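Examining the three-dimensional arrangement
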Amino acid sequence: MDIVVLISGSGTNLQAIIEAIEAGHIQGRIAAVISNRPQAKGLTRARNHGIETLILDHTGYGTREAFDADLLQAIEQYQPGLVVLAGFMRILTDHFVDHFTGRMLNIHPSLLPKYKGLNTHQRVLDAGESQHGCSVHFVSSELDSGAVIGQSKVNIARNDTAQSLSQKVQQQEHTLYPACVALFCDHQIHLTPDGVQYQGSILPDNGLDLTED
Ligand code: GRF
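Worth saying up front: this structure is predicted, and the values here are computed from it rather than measured.

**Some details on the site of the ligand**
Around the ligand sit S10, G11, T12, N13, G87, I107, P109, Q170 and E173, and those are all the residues in its vicinity. Here an oxygen atom of the ligand and a side-chain polar atom of T12 are 2.5 Å apart. The contact in question runs from an oxygen atom of the ligand to an N or O atom on the backbone of N13, over 2.9 Å. Counting only elements with at least two residues in the shell around the ligand, the list comes to α1 (12–22) and α6 (162–185). A breakdown of the residues in the shell around the ligand according to their chemical character gives two nonpolar, six polar and one charged.

Listed below in structure tokens is the structure:
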């Protein structure tokens, strides 16, 4: 399956997916990596592995619609079966999301449906939670609200800070995201109007527990 990955920054999740493909764990190939930020470190990671890169700088666009229209075209030139958002820090228009429904995934640093939006680690600490984690979900037009494929959990220690939690969660992200991409590329998961279908049934709202010990 051809995959297009969208990034804005460091690209550690991209790196994990590249390595999983190279190790033969994902039946797919990355056709291109597209960044809205010219300096994104993830672009270098892609180039280091011989992957085509493209920069579409959103600051050069007057409207979100104009940017998304060009982004849609840029992606579709590769005819991908899957679009992976990996730290892509742009809100997407409904038109864009509708176009890729059922074949666009995102990773979010919380146990959705809890803690949508930004600053999840600090918010989780402020709320006195004992568990935190990350979720991979199909992208829907409402932010961080699409059907969840899988989650990985981390326990919160008394001395955890937003930074230490972020590290723990990122470590889980790097196994969770490749695992979910692999399931999609193997046609084991599908988005249906009732939720995510897996092995003949609809997954619970929090998806599969893919926590790595
Ligand atoms: C991840 O923490 C992910 O949860 C969030 O953005 C971050 C991307 O990190 N959506 P990286 O660019 O993959 O290192």
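**Regarding helix α2 (residues 41–48)**
Note: α-helices contain 3.6 residues per turn, so residues at a spacing of three or four share the same orientation. Of the positions making up α2, those classed as buried are G42, L43, R45 and A46. What you see down the axis of α2 is that its buried residues fit within an arc of 160 degrees, all on one side. Seen from the open side of α2, the exposed residues pointing more than 90 degrees away from its buried face are K41 and N48. Of the surrounding secondary structure, the elements contacted by the buried residues of α2 are β1 (2–7), α1, β2 (29–35) and β3 (53–55). The positive-phi residue at the C-terminal boundary of α2 is G50, with phi of around 70 degrees.

Calculation rules
- Residues numbered from 1 in each chain as written.
- Predicted model: local features only at pLDDT ≥ 70, side-chain atom pairs only at ≥ 80, totals over all residues.
- Heavy atoms only, no water.
- Near = heavy atom within 4 Å.
- Polar contact = N/O pair within 3.5 Å; in protein donor to acceptor, adjacent residues only side chain to side chain.
- Helix = DSSP H or I, 4+ residues; strand = E, 2+ residues; numbered from the N terminus.
- Nonpolar A, V, L, I, M, F, W, Y, C, P; charged D, E, K, R; others polar.
- Buried < 20%, exposed > 50% of the residue type's maximum accessible area, 1.4 Å probe, protein only.
- Arc of directions from axis to C-beta.
- Contact = heavy atoms within 4.5 Å.

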